[in-house]
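Working through the structure, step by step
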Amino acid sequence: MAAVTVSLSSSPGSKAAAALSPSPCSHHQYFLSYPRRSSKAAGRAVRVQVSTTETAAAPAKKEKVSKKQEEGIVTNKYKPKEPYVGRCLFNTRITGDNAPGETWHMVFSTEGEVPYREGQSIGVIADGVDKDGKPHKLRLYSIASSAIGDFGDSKTVSLCVKRLVYTNDQGEIVKGVCSNFLCQSCDLKPGSEVKMTGPVGKEMLMPKDPNATIIMLATGTGIAPFRSFLWKMFFEEHQDYKYTGLAWLFLGVPTSDTLLYKEELERMKEISPDNFRLDFAVSREQTNAAGEKMYIQTRMAEYKEELWELLKKDNTYVYMCGLKGMEKGIDEIMVDLAAKDGIDWFDYKKQLKKAEQWNVEVY
């Protein structure tokens, strides 16, 4: 069990009394603060022949052992026809006025009935029906809280959701059904019911090795699974887990007002400067030495030799979550570096994937 106490406030030093009291429509940066720390052959009919010669038994096929924290993991406990119905506890906008779009952080009650792990996702089914009069289909969201949740009692789950609104080719404004159900106009107030499915996913589970190097690459709300990782690493104390490796986060966003969980991340860096590295890439405000816009791959290129050396080690794990385009940019960085060592990058990346060291969840 983790020993935790939690305060939810506008700054690390504020009182904890406001934990669930802010207006559900509040628009402010906030800080969630923790103190430091069977056999397949069974039952088969077997035909036996008597022989005067002995035949060696075929060697048993060696079962692959995952390097991730998979023991006891639960998947698909709740399905669309029988979802879990939780309640909204907290829902607040976490992007500033100049951000291109709105992103919200929300906390739902689970009463411990949705046992998820860091790196998993849950489905949300919006209220109402579609144009055909059928219930809306679920939408999957990466979980943004550690397994014990933002309040440390294993009874909540948190999401980081961007409200989807765009204009189509016909000039019509289109609103994403589920993201607007969760974010728009504060319709989802504390106490509102939310239908959830899952949990699902094993691709983004954390490594077992507490001394691993974990490189996290996120764009926008792709920060969600990494927030779950980092809370477990740096804000919580666990009897069976103490992180002693290097966690390195690259977060790409368009503007400073879109830097999600900035105060939390900087606090983690203060707490564990030897174990946590943090690099932002703000594309509309920053450029590199050549005057190019600072995308996540542009920022990574500044450390490309160091990153390549880390990628050659058996205990380095890369996790990527967010916009699909960033993987191509990272490939472009690594191709030449690998070639200098006589390595084909794309073949090597396949080996990393097979070894569970290259983990991608993009859209």
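Nothing here was measured: the structure is a model prediction, and the numbers come from that model. (Residues numbered from 1 in each chain as written. Predicted model: local features only at pLDDT ≥ 70, side-chain atom pairs only at ≥ 80, totals over all residues. Heavy atoms only, no water.)

Strands sit in the order E6-E5-E10-E3-E4-E7 across an open sheet of six strands; the sheet is antiparallel. Each edge of the open sheet carries a strand with a single partner, namely strand E6 (139–142) and strand E7 (156–162). Neighbour-to-neighbour, the strand axes of this sheet turn through a mean angle of 40°, independent of strand direction. Pairing between strand E5 (residues 121–125) and strand E10 (residues 193–200): four bridges, direction antiparallel. Looking at the pairing, glycine 123 lines up with threonine 197 of E10. (Pairing = 2+ DSSP bridges. Helix = DSSP H or I, 4+ residues; strand = E, 2+ residues; numbered from the N terminus. Axes fitted to C-alpha atoms, helices over the stretch in contact; angles between N-to-C directions.)

With parallel pairing, the five strands of this open sheet are ordered in space as E13-E12-E11-E14-E15. Among the strands making up the open sheet, the edge pair consists of strand E13 (276–282) and strand E15 (358–362). Pairs of neighbouring strands in the sheet enclose a mean axial angle of 10°, with direction left out of account. With respect to the sheet, helix H3 (residues 262–271) is in contact with strand E12 (246–253) and E13, its orientation differing from that of E13 by roughly 145°. (Contact = heavy atoms within 4.5 Å.)

Glancing now at the packing of helix H2 (residues 224–235) against H3. Contact pair H2 / H3: the axes reach a minimum separation of 10 Å and the direction vectors enclose 35°. In the crossing of H2 with H3, the sense of the turn from one axis to the other is left-handed. On the side of H2, the interface is formed by Arg227, Leu230, Trp231, Phe234 and Phe235, while H3 contributes Glu264, Leu265, Arg267, Met268 and Ile271. Along the lines of polarity and charge, the residues of the contact of H2 with H3 split into seven nonpolar, no polar and three charged. (Left-handed = near helix turned anticlockwise from the far one by under 90°. Nonpolar A, V, L, I, M, F, W, Y, C, P; charged D, E, K, R; others polar.)

Moving on to the UniProt feature "binding site: NADP(+)" (unreviewed entry) in the protein chain. With numbering aligned to this structure, UniProt lists the feature "binding site: NADP(+)" (unreviewed entry) at Ser142, Lys162, Thr221, Val253, Pro254, Ser283, Arg284, Lys293, Gly322, Leu323 and Glu361. On the secondary structure map, serine 142 appears in strand E6. By relative accessible area, which is 15% here, serine 142 ends up buried. The residues contacting serine 142, other than those within four sequence positions of it, are Gln120, Ser121, Leu159, Ala224, Pro225, Cys321 and Glu361. Polar side-chain contacts of serine 142 include one of 3.2 Å to the side chain of glutamate 361. By the secondary structure assignment, serine 283 is in the loop between E13 and helix H4 (296–301). Residue serine 283 is classed as buried on the basis of its relative accessible area of 10%. Serine 283 has contacts with Val253, Pro254, Lys293, Met294 and Tyr295, leaving out every residue within four places of it along the chain. (UniProt positions renumbered as here; feature names shortened; annotations may be inferred. Buried < 20%, exposed > 50% of the residue type's maximum accessible area, 1.4 Å probe, protein only. Polar contact = N/O pair within 3.5 Å; in protein donor to acceptor, adjacent residues only side chain to side chain.)

Once that is clear, we can look at helix H5 (residues 304–311). Along H5, the residues classified as buried are Leu307, Trp308, Leu310 and Leu311. The arc that holds every buried residue of H5, seen down its axis, measures 160°, which confines them to one face. (Arc of directions from axis to C-beta.)

In terms of nonpolar packing, the biggest core is built from 37 residues, with Ile223, Phe226, Leu230, Met233, Leu249, Leu265 and Phe276 touching the most fellow members. Taken together, the elements giving at least two residues each to this core come down to strand E11 (213–219), H2, E12, H3, E13 and strand E14 (316–322). (Core = buried A, V, L, I, M, F, W, Y, C linked by side-chain atoms within 4.5 Å.)

Where burial is concerned, most of strand E3 (residues 84–93) is hidden: seven out of the 10 residues are buried. Inspection of the sheet shows E3 paired to strand E4 (residues 103–109) by five bridges, in the antiparallel sense. By the bridge assignment, cysteine 88 is partnered in E4 with phenylalanine 108.

Moving on, we get to the packing of aromatic side chains. Applying the stated criterion to the full structure yields 13 aromatic pairs. Ring centres 5.2 Å apart and planes at 80° place the aromatic pair tryptophan 231 and phenylalanine 235 in the edge-to-face group. Of this pair, tryptophan 231 and phenylalanine 235 both sit in helix H2, separated by four residues, roughly a single helical turn. Here tryptophan 231 and phenylalanine 235 have matching classes, each one buried. Between the aromatic rings of tryptophan 308 and tyrosine 348, the centroid separation amounts to 5.6 Å while the plane-to-plane angle is 70°, which identifies the pairing as edge-to-face. Taken as a pair, tryptophan 308 in helix H5 and tyrosine 348 in helix H7 (residues 345–354) lie far apart in primary sequence, 40 residues in all. For tyrosine 348, a relative accessible area of 14% corresponds to the buried category. Cluster of aromatic residues (ring-pair linked, three or more members): Trp308, Trp345, Tyr348 and Trp358. A cation over a ring is seen here: lysine 232 above tyrosine 241, with NZ or CZ 4.6 Å from the ring centre. (Phe/Tyr/Trp six-rings, centres within 6.5 Å; stacked < 30°, edge-to-face > 60°. Lys NZ or Arg CZ within 6 Å of the ring centre and 35° of its normal.)

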